[in-house]
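# Summary of structural features
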Number of protein chains: 6
Amino acid sequence: MAIAVYPGRFDPVTNGHIDIALRTAKLFERLVVAVVEMPQGSLFSTAERVDFFTKAMKGYDNVSVTSFSGLTVELARRESASVLVRGIRAVTGFETEFDMALMNKRMAPEIESMYFMSSLEHLFISGSRIREVARLGYDVTNLVPSHVAEALKKKFA
Amino acid sequence: MAIAVYPGRFDPVTNGHIDIALRTAKLFERLVVAVVEMPQGSLFSTAERVDFFTKAMKGYDNVSVTSFSGLTVELARRESASVLVRGIRAVTGFETEFDMALMNKRMAPEIESMYFMSSLEHLFISGSRIREVARLGYDVTNLVPSHVAEALKKKFA
Amino acid sequence: MAIAVYPGRFDPVTNGHIDIALRTAKLFERLVVAVVEMPQGSLFSTAERVDFFTKAMKGYDNVSVTSFSGLTVELARRESASVLVRGIRAVTGFETEFDMALMNKRMAPEIESMYFMSSLEHLFISGSRIREVARLGYDVTNLVPSHVAEALKKKFA
Amino acid sequence: MAIAVYPGRFDPVTNGHIDIALRTAKLFERLVVAVVEMPQGSLFSTAERVDFFTKAMKGYDNVSVTSFSGLTVELARRESASVLVRGIRAVTGFETEFDMALMNKRMAPEIESMYFMSSLEHLFISGSRIREVARLGYDVTNLVPSHVAEALKKKFA
Amino acid sequence: MAIAVYPGRFDPVTNGHIDIALRTAKLFERLVVAVVEMPQGSLFSTAERVDFFTKAMKGYDNVSVTSFSGLTVELARRESASVLVRGIRAVTGFETEFDMALMNKRMAPEIESMYFMSSLEHLFISGSRIREVARLGYDVTNLVPSHVAEALKKKFA
Amino acid sequence: MAIAVYPGRFDPVTNGHIDIALRTAKLFERLVVAVVEMPQGSLFSTAERVDFFTKAMKGYDNVSVTSFSGLTVELARRESASVLVRGIRAVTGFETEFDMALMNKRMAPEIESMYFMSSLEHLFISGSRIREVARLGYDVTNLVPSHVAEALKKKFA
């Protein structure tokens with residue numbers, strides 16, 4: 001049975017990301033959420049970002065959360081995964097994903113990329129939008145897990 | 001393990017469709033290719049379209065081909081499938097698929113829609129383009145299975 | 001104060017159309033919903049389409065519903081309207097609207113075109129999608145006004 | 001020096017088409033405007049469409065107008081042309097052209113496809129829009145050559 | 001009667017921005033142009049950007065120009081505005097606006113977002129393009145108000 | 001006969017860029033590849049970027065490579081060029097190019113902009129993607145000229 005990797009920045013994880021993770025976990029044997037290291041800087045550290053997603057996945061036994069640097073397809077190979085999973089929210093995102101899918105296919109033809117469309121209620125939620133409105137003082141509870149909402153409040157207090 | 005449905009017109013099936021079917025069959029337990037009936041008219045009859053795809057899937061034991069009318073999600077339920085699979089070739093197709101995914105989610109929340117990006121070599125191949133260039137006398141061998149290329153030649157002779 | 005015209009096919013009116021109409025009616029002095037005649041054929045007759053929208057607007061005193069043929073800008077002039085209002089659901093729709101806005105501006109520079117983005121819950125609802133799923137037997141209650149859901153059921157019984 | 005083919009329906013030719021033709025004629029040795037036959041029906045006959053474009057090109061000695069059926073690349077070969085030229089007005093058109101370019105490249109690798117962006121003043125003018133507003137009685141003078149405006153007036157009188 | 005807010009960076013204001021402001025001012029009782037503070041850096045200071053737009057609106061009595069930081073919907077509430085107005089120039093901009101409209105709706109359901117399509121002659125003018133070509137020495141008179149063209153010349157002298 | 005300019009960052013040149021250059025060189029009398037100076041920083045210096053492209057064009061006598069700063073249309077005038085050539089890979093790129101084409105037309109109406117669609121095999125290759133995967137240790141041989149692959153390996157060793 002197939003193992004899936006869900007790579008991303010998750011800076012921070014949103015309810016939209018969690019929705020994608022749960023939908024994937026139902027369809028595949030095992031899901032590895034892969035938090036990419038961001039040497040160019042991020043709002044939350046790699047450890048925090050892994051921790052946030054791990055807490056949100058508590059109770060889902062076939063899901064693990066890890067961090068990685070380097071090529072996503074290399075991580076997938078290390079995890080014996082045959083699928084990369086990504087969510088798409090909009091046309092501009094679609095084009096970026098298309099390019100990445102073609103590049104990944106070239107680098108690792110044995111690994112598939114599959115896509116979920118964002119759920120309606122998460123359509124307008126992205127990590128960058130969350131950072132932006134939280135910075136301006138908006139309470140993002142209900143858009144992110146409660147422990148992430150807390151962390152954002154502290155960060156921008 | 002998850003069962004997948006791959007619905008479409010397949011008028012006729014192209015190498016791009018077959019690529020999506022094979023990639024799906026590798027990831028899921030069973031794949032049902034579902035050829036939609038087209039009362040509004042099609043180049044090939046429903047029986048021919050089912051036959052074309054069936055021949056192309058010969059030897060792949062976890063793939064079956066059927067026809068259907070009515071809602072795709074109803075077919076998925078009848079087949080105990082938890083996933084609808086579709087290929088996307090371009091931005092305009094993406095938008096149509098997005099709408100359909102949202103509508104299907106509303107009609108059957110327990111069924112997921114997942115998407116593959118078209119492979120590079122099939123990017124420009126669609127059923128309608130194949131019909132168009134075959135009608136103008138172009139030999140579409142290498143773009144469709146050979147038995148379909150034959151059928152198109154006869155059709156437009 | 002400004003008078004607005006909201007032109008469309010409304011074949012049939014959906015909850016998405018009604019949402020746009022109500023949002024417009026709050027912002028402008030008077031709203032004229034303008035149902036375009038479709039000599040090329042429609043699921044519901046012009047009279048039915050006007051009647052459906054009129055019933056849905058009952059109680060909103062600054063909204064009237066009418067039918068028209070010919071150029072939208074001519075209707076706007078007859079109604080002393082200074083604004084054409086349209087909803088947009090997606091990128092492909094955006095492009096069509098852009099072209100129409102530019103053409104209308106050229107034909108009647110004194111009339112403005114303004115756009116609302118579709119609300120989240122109506123994002124995937126269009127007249128054509130409603131016709132399609134109703135035809136396949138799906139109950140579209142909650143996607144259209146109840147009297148329209150009834151009419152669709154009778155139509156496809 | 002390179003010979004260019006500019007294929008299209010031109011039903012009818014607009015000022016936007018003429019702009020593309022003149023820009024092409026300046027850059028290449030010879031331009032063949034190729035009016036495609038439309039067995040599926042058109043507002044103006046093939047002969048009329050050729051005639052309209054021919055009149056508009058009067059005085060430009062390196063431009064000829066012809067009609068054709070079949071594959072565009074076959075016409076290009078017959079004319080010893082090395083370039084197919086097309087105008088693009090918008091994103092949706094871009095995608096269609098991209099697909100056609102890839103298909104044409106596959107059918108005739110020795111022939112290039114090149115694209116002009118529509119000029120600002122012709123951005124919203126297409127053959128179908130012209131037919132639509134002329135049918136509704138709008139005077140399209142300044143959007144099409146004067147002899148075409150005349151023909152449209154007669155057609156819809 | 002409705003009060004409108006037109007938020008933006010306006011770094012610097014262009015003729016396209018002014019066009020949107022004037023079209024809005026005609027349709028609504030009062031227009032508040034809201035220049036967002038940019039702590040992350042801008043070519044012109046907040047005071048300069050407010051001053052540029054104020055000069056351009058001289059003589060339009062129902063238009064005022066202010067600066068703000070924080071959420072746009074909070075500003076709208078302070079100004080008792082019921083409409084946020086934005087111009088759209090292209091598909092990519094459309095998607096960003098769509099997301100923002102959905103987010104703003106969630107944060108302040110009583111405030112509407114409405115959109116104008118850019119006029120033809122301003123289609124290719126954005127603040128960033130103006131900065132880019134002015135920096136390279138191009139005289140942007142006719143693309144921005146004359147006092148802004150002056151300021152740009154001085155800035156890059 | 002027409003002279004063409006192909007401007008870009010080429011940081012570094014890819015097989016996709018070279019494909020566009022060769023296709024252009026076949027159609028026009030002379031091609032000037034114009035490497036833009038990037039004071040804001042680049043992976044390779046202007047001299048390196050010019051050198052990379054020059055080596056790749058060895059043997060093509062009607063192609064020269066130069067660097068420039070300032071407006072592209074000014075360079076075109078200095079080179080007596082009548083055409084700017086660009087490749088397009090996707091919808092988002094198309095929009096940026098459209099804007100630039102309109103701006104360039106306004107700044108230099110006598111200079112045309114023409115576009116090639118990316119070839120299928122180069123569709124997913126951009127300078128930024130090459131930099132990204134090379135930095136992560138992927139061998140980009142076959143995506144860029146061999147001397148560029150070498151330089152990237154040294155750079156990220």
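As shown above, the structure is provided for reference.
To keep things clear, this report deals only with the structure shown in the data block. Everything numeric in this text was worked out from a predicted model, so none of it was measured.

The complete set of buried residues in helix H5 (residues 127-135) of chain B reads Gly127(B), Arg129(B), Ile130(B), Val133(B) and Ala134(B). Projected down its long axis, H5(B) shows its buried positions confined to an angular sector of 160°, all on one face. The inward-facing, buried residues of H5(B) contact helix H6 (146-155) of chain B together with helix H4 (91-107) of chain D. In the stretch just after H5(B), Gly137(B) is the one whose phi turns positive, near 95°.

The relation between two aromatic rings is expressed through the spacing of the ring centres and the mutual angle of the planes. Inspection of every chain in the model, using the stated rule, returns 31 aromatic pairs over all chains. Between Phe44(A) and Phe52(A), the ring centres sit 4.9 Å apart and the planes meet at 80°, which makes this aromatic pair edge-to-face. Taking the relative accessible area as the measure of exposure, Phe44(A) reaches 2% and is therefore buried. Taking the relative accessible area as the measure of exposure, Phe52(A) reaches 7% and is therefore buried. Between Tyr6(E) and Phe53(E), the ring centres sit 6.4 Å apart and the planes meet at 90°, which makes this aromatic pair edge-to-face. With Tyr6(E) in strand E1 (residues 3-8) and Phe53(E) in helix H2 (residues 46-56), this residue pair connects regions lying 47 residues apart in the sequence. Both residues of the pair, Tyr6(E) and Phe53(E), count as buried. Chaining the aromatic ring pairs together yields one cluster made of Phe94(D), Phe98(D), Phe94(F) and Phe98(F).

Taking C-alpha atoms as the reference, chain A and chain D come no closer than 12 Å and do not contact one another. Contact between chain B and chain E is absent, and the minimum C-alpha spacing across the pair is 12 Å.

Relative to chain B, chain A is turned by 180° and slid 0.0 Å along the rotation axis, the superposed coordinates differing by an RMSD of 0.0 Å. Seen this way, the second copy is the image of the first under a two-fold rotation axis. Looking at the rotation axis and the C-alpha trace of chain A, the residue lying nearest is Tyr115(A), at 2.4 Å. Comparing interface residues between copies, 100% of those in chain A also lie at the interface in chain B; the contact surface is shared.

Listed as interface residues are 28 residues of chain A and, on the opposing side, 28 residues of chain B. At the boundary of chain A with chain B, total buried surface from both sides reaches about 2400 Å², with 79% on carbon and sulfur atoms. Taken together, chain A and chain B are joined by two salt bridges. The closest approach of N and O atoms between Arg23(B) and Glu112(A), which form a salt bridge, is 2.8 Å. Inspection of the region where chain A meets chain B yields three residue pairs in polar contact (both at pLDDT 80 or more).

Right, let's get into the interface of chain E and chain C. Counting residues at the interface gives 28 residues for chain E and 28 residues for chain C. Across the chain E to chain C interface the summed buried area is about 2500 Å²; carbon plus sulfur atoms make up 79%. Counting every contact that joins chain E to chain C gives two salt bridges. At the level of secondary structure, the elements contributing two or more residues to the side of chain E that touches chain C comprise helix H1 (15-27), strand E4 (83-88), helix H4 (91-107) and strand E5 (112-117) of chain E. At eight residues, H4(E) tops the list of elements feeding residues into the side of chain E that touches chain C.

Quick notes on the rules
- Residues numbered from 1 in each chain as written.
- Chains lettered and ligands numbered in written order.
- Predicted model: local features only at pLDDT ≥ 70, side-chain atom pairs only at ≥ 80, totals over all residues.
- Heavy atoms only, no water.
- Buried < 20%, exposed > 50% of the residue type's maximum accessible area, 1.4 Å probe, protein only.
- Helix = DSSP H or I, 4+ residues; strand = E, 2+ residues; numbered from the N terminus.
- Arc of directions from axis to C-beta.
- Contact = heavy atoms within 4.5 Å.
- Phe/Tyr/Trp six-rings, centres within 6.5 Å; stacked < 30°, edge-to-face > 60°.
- Least-squares fit on C-alpha atoms with pLDDT ≥ 70 in both.
- Buried area = accessible area lost by both parts, 1.4 Å probe.
- Salt bridge = Lys/Arg side-chain N within 4 Å of Asp/Glu carboxyl O.
- Polar contact = N/O pair within 3.5 Å; in protein donor to acceptor, adjacent residues only side chain to side chain.

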